[in-house]
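Summary of the model geometry
In case you want the letters, here they are:
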Amino acid sequence: MPTIFPILALVLNAFVWGVSWWPFRQLHAAGLHPLWATALMYALALACLLLARPQALRNAHQHPALWLLALSSGLTNVAFNWAVTVGDVVRVVLLFYLMPAWSVLLAWKMLGDRPTGMALVRLLLAFAGVALVLVPAGASWGRLAAHLSGADLLALAGGFCFALTNVTLRRLHAVPGDARMLAMFGGGALLASASAALGLAAGTVPALPAPALAWVLLALALALAFVLGNYALQYGAARLAAGTTALVMLSEVVFASVSSALLTSATLAPRTLLGGALIMLAALLAASPPRRQAST
C-alpha cells in the first residue's frame, strides 16, 4: 500500500503536464505569449524555492556544471510550452516523447553507455513512428523536413532537451537536490525571459499585456500547479524504481489525448495512431527493466 502514494504523486505530475496546454492557450488568447507565461511561472517558482531553501543558492554556486542543467531544462520548457500552445496537442506530445530515443544517443556520447541491440531496436521504432506522424499518406518520405511545422520543430527540440536534462541529472546525481531544482527553475525563468525578449525585439512575440485579474489568477494557478507537480515528481521518483517512474509518466500522453479530444473535438488519423503506438512502444521498452533485473 505505501507505494500507492509515490505512484499517485507521479500521476499528478503527468496530469499537470498533460493538461497544461489548455491554460497556456487561455493565457495566449488573453494576450500573454507562452514565453512570457513560462518566464513568469518559473520566476515565481524560483522565488518560492529560495524562500523555502535559502541554502540552495550557496549549494548551486559550488557546482558550475549546473549551468548545463539550467540550459537544457530551460530550453525544454520553452520549446514544449510554446509547442502545445500553438500546435496540435497530441502530435506535439507524441513528438516530445521521442525523448527515450534521444537519451540512447546522448548517454552513448556523454556517459559512455554503448547502446545494446534492444536500444537500437527502440531507436528504429521511435523514428519510424515519428515518420508516420509527420509524413501525410501518399507524400514523399524523402522530403520529411518539408512536412515539419514550427510546433513540430519545437516539440522535437523539447524532447531532445528533455533527454539532455535527464542525462545531465544522472551525471549530477551527487549534487544536492535543492541545487538541482534551483538550476531547473532558474533555467526556465532565464531562458524563457531571454527568448521572449529576443522575440519581442524581432517582432515575433508581443509585449506583456496590461495586468488583468483573469489572466493573472490563471497564471498564478498554473505556476502553483507546476510547483506542486515538480515536488510530486521529486517525491515519487525518489521512492520508485526508474523504470516504474518512466512507465507511470507515460500517462501524460493519455491525459493530453483525452483532454484534447474532450475540449477541442480533435480526431486522430489512423496513420497518427500507428505512429504514436510505435513511439509509445519504444518508450515502454525503454522503461521496462531487463528480465534478469526484474526477476531479481
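The relative placement of two aromatic rings is captured by the distance of their centres and the angle of their planes. This structure, assessed with the given rule, holds eight aromatic pairs. Look at F15 and F255: their rings are 5.3 Å apart centre to centre, the planes differ by 90°, and that puts the pair in the edge-to-face class. Taken together, the residues F15 in helix α1 (residues 4-19) and F255 in helix α13 (residues 251-264) connect sequence positions 240 residues apart. Given the relative accessible area of 38%, F15 is considered partly exposed. Take F255: its relative accessible area is 24%, and that puts it in the partly exposed class. Put simply, the rings of W17, F24, Y42, F80, F96, F162, F185 and F226 pair up and form one aromatic cluster.

Nonpolar side chains in soluble globular proteins tend to be buried together. Among the nonpolar cores identified, the biggest contains 81 residues, and L66, Y97 and F226 are the most heavily contacted of them. The element best represented in this core is helix α10 (residues 177-202), accounting for 10 residues. Apart from the residues within four sequence positions on either side, Y97 is in contact with M249, L250, E252, V253, I279 and M280.

This brings us to helix α8 (residues 117-134). An α-helical turn contains 3.6 residues, so any two residues separated by three or four positions project in the same direction. Compared with an ideal rise of 1.5 Å per residue, which puts 18 residues at 26 Å, α8 spans 26 Å between its outermost C-alpha atoms and is within 8% of the ideal. Listing the buried residues of α8 in full gives A119, R122, L123, L125, A126, G129, V130, A131, L132, V133 and L134.

As a further point, take the environment of A210. Positionally, A210 belongs in the loop between α10 and α11 (213-237). Among the residues examined, A210 registers a relative accessible area of 59% and is labelled exposed. Between the C-alpha atoms of A210 and L32, which are 178 residues apart in sequence, the distance is 9.4 Å.

Reading guide: rules and limits
- Residues numbered from 1 in each chain as written.
- Predicted model: local features only at pLDDT ≥ 70, side-chain atom pairs only at ≥ 80, totals over all residues.
- Heavy atoms only, no water.
- Phe/Tyr/Trp six-rings, centres within 6.5 Å; stacked < 30°, edge-to-face > 60°.
- Helix = DSSP H or I, 4+ residues; strand = E, 2+ residues; numbered from the N terminus.
- Buried < 20%, exposed > 50% of the residue type's maximum accessible area, 1.4 Å probe, protein only.
- Core = buried A, V, L, I, M, F, W, Y, C linked by side-chain atoms within 4.5 Å.
- Contact = heavy atoms within 4.5 Å.
- Expected span 1.5 Å × (residues − 1).

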